[in-house]
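One-letter residues, chain by chain:
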Amino acid sequence: MAFGTTTPRNATTDAAFHAFFEQRHRELSRLAYLLTGEADAADDLAAEALLEVWRHWDRVNAADSPAAYARGVLANLCRNRIRRLTRERAGLRGWGALWRDRESVDAADVPAVVDVRGALRRLPHRRRACVVLRYAFDLSERETAAALGISVGTVKSQTSRGAAQLAELLAGRPEAQWLVAAGEEG
């Protein structure tokens, strides 16, 4: 077989992954945005997660939920990015103007979106991931646990604590309003 040609198995594999990519890229990009708050990085993180999924496609495709695997990979990439940026920013204290949000928001209720985005950033990563997956992506506790590689009990406690912390941070805004705003981001 000549270099660069594909066998029928590879063509089938390519087609299956391409379909998965088309179906999940937007969702993963939105999830990355909600986890990091960085619109510019969201597509890159989603692409990086999908590249990792492609590298292990045979195993991922055979799993019960390839989407949960991809979400888990993405959540880990987002957590690593946040940690790296936190370390980098710690060395640049006093240079806050360099790190201000420069993103534009197209949502109808800009103050609500800004409030939710700021409040989400203040949550610890696992709580943020649980709240975003449960409320913005409407995943079940079991699906969230699978995506993050944690137990259902941990999802329940982290979601409860995260929602309570968000409610405290967003005091004065009706809960339904900030949950809708969280779902409209990205």
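Let me begin by describing the structure that accompanies this report. Predicted model only: the values in this text are computed from it and were never measured.

## Overview of the environment of Q23
If you trace the backbone, Q23 turns up in helix α1 (residues 8-36). A relative accessible area of 55% places Q23 in the exposed class. Spatially, the C-alpha atom of Q23 lies 9.6 Å from that of A67, the residues being 44 residues apart in sequence.

## Regarding the nonpolar core
L74, V132 and F137 are the most contacted members of the largest nonpolar core, which has 37 residues in total. Breaking this core down by element, the ones donating at least two residues are α1, α2 (39-55), α3 (57-62), α4 (66-90), α5 (110-122) and α6 (125-136). Ranked by residues supplied to this core, first place goes to α1 with eight residues. If we skip the residues at most four places from it in the chain, F137 touches E27, R30, L31, L34 and V132.

## Quick look at the environment of L77
Position of L77 relative to the elements: it lies in helix α4. For L77, a relative accessible area of 18% puts it in the buried group. Taking C-alpha positions, L77 is 7.3 Å from A49, a pair spaced 28 residues apart along the chain. Filtering out sequence-adjacent residues up to four positions away, L77 remains in contact with L45, E48 and A49.

## A short note on the side chain of R71
Position of R71 relative to the elements: it lies in helix α4. Assessed through its relative accessible area of 7%, R71 is described here as buried. Aside from chain neighbours lying at most four places away, what touches R71 is R24, E27, L28, L31, L133, L139 and A147.

## A word on the packing of aromatic side chains
Between two aromatic rings, the relevant description is the distance of the centres plus the angle of the planes. Counted under the stated rule, the structure contains four aromatic pairs. A ring pair is formed by F17 and W54, whose centres lie 5.0 Å apart and whose planes are at 55°; its orientation type is tilted. Here the residue F17 occupies a position in helix α1, and W54 occupies one in helix α2, the gap between them amounting to 37 residues. What makes W54 partly exposed here is its relative accessible area of 35%. Ring centres of F17 and W57 lie 5.3 Å apart, and the angle between their planes is 80°; this geometry places the pair in the edge-to-face category. Of the two residues, F17 sits in helix α1 while W57 sits in helix α3, which places them 40 residues apart along the sequence. By relative accessible area, which is 12% here, F17 ends up buried. Above the plane of the ring of F137 lies R30, whose end atom (NZ or CZ) is 4.8 Å from the centre.

## Examining the packing of α6 against helix α7 (residues 141-148)
Orientation of α6 relative to α7, taken along the N-to-C sense of each, is 135°, at an axis distance of 10 Å. Comparing the axis directions of α6 and α7 gives the class oblique. In the crossing of α6 with α7, the sense of the turn from one axis to the other is right-handed. Side by side, α6 and α7 meet where A129, C130, L133 and R134 of the first sit next to E141, T144, A147 and L148 of the second. The residue inventory of the contact of α6 with α7, partitioned by class, reads five nonpolar, one polar and two charged.

## Concerning α2
Helix length check: α2 (17 residues) gives 25 Å between terminal C-alpha atoms against 24 Å at 1.5 Å per residue, within 8%. Along α2, the residues classified as buried are A41, A42, L45, A46, A49, L50 and V53.

## As for the side chain of E27
Structurally, E27 is set in helix α1. If we ignore the near neighbours within four places in the chain, the residues touching E27 are R71 and F137.

Reading the values: rules and limits
Residues numbered from 1 in each chain as written. Predicted model: local features only at pLDDT ≥ 70, side-chain atom pairs only at ≥ 80, totals over all residues. Heavy atoms only, no water. Helix = DSSP H or I, 4+ residues; strand = E, 2+ residues; numbered from the N terminus. Buried < 20%, exposed > 50% of the residue type's maximum accessible area, 1.4 Å probe, protein only. Core = buried A, V, L, I, M, F, W, Y, C linked by side-chain atoms within 4.5 Å. Contact = heavy atoms within 4.5 Å. Phe/Tyr/Trp six-rings, centres within 6.5 Å; stacked < 30°, edge-to-face > 60°. Lys NZ or Arg CZ within 6 Å of the ring centre and 35° of its normal. Axes fitted to C-alpha atoms, helices over the stretch in contact; angles between N-to-C directions. Parallel < 35°, antiparallel > 145°, perpendicular 65-115°, else oblique. Left-handed = near helix turned anticlockwise from the far one by under 90°. Nonpolar A, V, L, I, M, F, W, Y, C, P; charged D, E, K, R; others polar. Expected span 1.5 Å × (residues − 1).

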